[in-house]
Amino acid sequence: MKTVMYKLPQDADKAYPAAAKALKNGGLVAFPTETVYGLGGNALDPAASKKIYAAKGRPSDNPLIVHIAEKESLYKLVMEVPEKAKKLMDRFWPGPLTIILKKNDTVPLETTGGLDTVAVRMPDHEVALEMIRACGLPIAAPSANTSGRPSPTKAAHVAEDLAGKIDIILDGGDVGIGVESTIIDLSGEPCILRPGYITKDDLEAVIGPVAIDPALENIQSGRLPAGDFKPKAPGMKYRHYAPKAPLTLVTGSRQEAKKTLLKLLAKAKAEGKRCAVICEFYKDFEGKADVIYALGSRDDTLSISRQIYDVLRDTDRQNVDAIFADDFGLDSDGHFGYAVQNRLMKAAGGKLL
Ligand code: TXA
Ligand code: MG
């Protein structure tokens, strides 16, 4: 299959009609959102969902998020919309918040990985919204990467993983946030299944107490979910975002982290290893690592989150034997840093020093 790439907004005249046509015919279109790029198909068509799983190489028990362009569209997909969901939609949609509710019969089990609930969100990105409006369908979309690789934050990442396997890529430039949406389950007592840009504090300010899936706390503290201790979002159990070389995550104050990283690098270099470091400032590691990814001050969490998946992808191209990364002090569960830390922790496979 030949994958056609359109640049937005330049190619708008051709891009939206072509995307709408492909989606209505059961095809797949990758598109930008404010979090990461998504791989979209008609959420109401079981065959389209199957194609999404096949293109990504994704296990089919891992449910997809349904994207809509109007808040009202939610009512067509679920049994009922509880008061707390209404409050969160009003406050955060369009935006990086996914809400899980009991699905109705319109949504096929192929889209929800066999679950009787459905995850829905209204993305805050003009290209995503315009594409959904143009086809007039709810769009099932996981992140547009090969399963197990870092989520795509630019169109080139999507092409790297999916060119030749999907119909169209809509290139809307680099995304603004860089990590996936916060997922809150409202099919029972409010519970965060995946941390994201919208934090526990943000959610609690609107609807009161919100729990965090205990499996997440386990990931965060360096114990990956094991045995029958299952995360409630099936996707969180897979070792996502994993670079090829082992990644060691280092925690502590700015000075402590730098000291530990330098020590680890010296040891690995002495063993003849080719090393990469993911750090705040270039000058701290000049001459000490083979590849240096300087992401800037830990005080700017958004800037770090925008760069992190691109950096993880790049490490695979650099043929390094070991990666050492600062955790940027992002460990407080009330803040956005918790989400970035969560992704780094998964990339590290739980290895925290
Ligand atoms: O920011 C995002 O949410 C991006 C963009 C494209 O919108 N999408 C995304 O989708 O991250 P994906 O498929 O990579 O992650 C979806 C996560 C998975 O961990 C999945 O298990 C969980 O959502 N999920 C989806 N439906 C669910 C449900 N009904 N119950 C529990 N977890 C669900
Ligand atoms: Mg994903």
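Residues numbered from 1 in each chain as written. Chains lettered and ligands numbered in written order. Predicted model: local features only at pLDDT ≥ 70, side-chain atom pairs only at ≥ 80, totals over all residues. Heavy atoms only, no water.

Topic: the pairing of strand 10 (residues 191-194)
Put simply, the rule reads: Pairing between strands is defined by DSSP: at least two bridges between the two strands are required. For helices the rule is a DSSP run of H or I covering at least 4 residues; for strands it is a run of E covering at least 2, with both sets numbered from the N terminus onward. Orienting the strands away from the viewer, one traces the path from the first strand over the helix to the second; a clockwise path indicates a right-handed crossover.
Two strands pair when backbone bridges link them, and strand 9 (residues 182-185) and strand 10 are joined in this way by 3 bridges, in the antiparallel orientation. Paired with aspartate 185 across the bridge in strand 10 is cysteine 191. Adjacent in sequence and paired antiparallel, strand 9 and strand 10 are bridged by 5 residues. Bridge count for strand 10 against strand 11 (residues 211-212) is 2 bridges, and the pairing is parallel. Along strand 11, the bridge assignment pairs isoleucine 192 with isoleucine 212. Regarding the hand of the β-α-β motif, the stretch spanning strand 10, helix 6 (residues 200-207) and strand 11 is right-handed.

Points about the sheet that holds strand 12 (residues 247-250)
So the rule is basically this: Here, axes are lines fitted to C-alpha atoms. For helices the fit covers the stretch in contact, and angles between N-to-C directions go from 0 to 180 degrees.
If you walk across this open sheet you meet the 4 strands as 12-15-13-14, and the pairing is parallel. Sheet topology places strand 12 and strand 14 (291-294) at the edges, where each strand pairs with a single neighbour. Across the sheet, the mean angle from the axis of one strand to that of its neighbour is 15 degrees, orientation sign disregarded. As judged from the 4 bridges shared by strand 12 and strand 15 (residues 322-326), these two strands associate in the parallel manner.

A look at the side chain of serine 143
What counts, and what does not: Residue exposure (1.4 Å probe, protein chains only): buried if accessible area is under 20% of the type maximum, exposed if over 50%, otherwise partly exposed. Counted as a polar contact is a pair of N or O atoms within 3.5 Å, where, for protein atoms, one must be capable of donating a hydrogen and the other of accepting one, and residues adjacent in sequence contribute only when both atoms are in side chains. Here a residue-residue contact requires only that any non-hydrogen atoms of the pair lie within 4.5 Å.
Within the fold, serine 143 resides in the loop between strand 7 (139-140) and helix 5 (155-162). By relative accessible area, which is 15% here, serine 143 ends up buried. A polar contact is formed between the side chain of serine 143 and the side chain of asparagine 145, at a distance of 2.6 Å. The contacts of serine 143, once residues within four sequence positions are left out, are Val36, Tyr37, Gly38, Leu39, Lys56, Ser151 and Pro152.

Comments concerning the environment of alanine 294
Assignment of secondary structure puts alanine 294 in strand 14. For the pair formed by alanine 294 and cysteine 279, sequence separation is 15 residues and the distance between their alpha carbons is 5.1 Å. With residues up to four places along the chain from it excluded, the contact list for alanine 294 reads Cys279, Glu280, Phe281, Tyr282 and Gln307.

A look at the packing of helix 9 (residues 301-317) against helix 10 (residues 337-347)
Test applied: When describing relative orientation, an angle under 35 degrees is termed roughly parallel and one over 145 degrees roughly antiparallel, while 65 to 115 degrees is termed roughly perpendicular and anything else oblique. A clockwise turn of the near helix away from the far one marks a right-handed crossing, whereas an anticlockwise turn of less than a right angle marks a left-handed crossing. When residue character is reported, Ala, Val, Leu, Ile, Met, Phe, Trp, Tyr, Cys and Pro are called nonpolar, Asp, Glu, Lys and Arg charged, and the others, Gly included, polar.
Between helix 9 and helix 10, the least distance of the axes is 10 Å, while the angle of their chain directions is 20 degrees. With respect to their mutual orientation, helix 9 and helix 10 come out roughly parallel. In terms of crossing hand, the pair formed by helix 9 and helix 10 is left-handed. Contacts between helix 9 and helix 10 involve Thr301, Ile304, Ser305, Ile308, Tyr309 and Leu312 on the former and, on the latter, Gly337, Val340, Arg343, Leu344 and Ala347. Residue composition of the contact of helix 9 with helix 10, by class: 7 nonpolar, 3 polar and 1 charged.

Describing the domain arrangement of the protein chain
Definition in use: Each domain's extent is set by a domain assignment, obtained either automatically or from a database. Any Lys or Arg side-chain nitrogen found within 4 Å of a carboxyl oxygen on Asp or Glu counts as a salt bridge.
When cut into domains, the protein chain gives domain 1 (4-220) and domain 2 (247-347). A C-alpha centroid distance of 29 Å is found between domain 1 and domain 2. Across the contact, 30 residues belong to domain 1 and 21 residues belong to domain 2. Where domain 1 packs against domain 2, one counts 5 salt bridges. Glutamate 160 is the salt-bridge partner of arginine 313, the closest N and O atoms lying 2.8 Å from each other. At the junction of domain 1 and domain 2, the tally comes to 12 residue pairs in polar contact (both at pLDDT 80 or more). Where the side of domain 1 that touches domain 2 is concerned, the elements lending two or more residues are helix 5, helix 6 and helix 7 (214-220). Counting residues per element, the side of domain 1 that touches domain 2 draws most heavily on helix 7, at 4 residues. Per-class residue counts for the side of domain 1 that touches domain 2 are 11 nonpolar, 10 polar and 9 charged.

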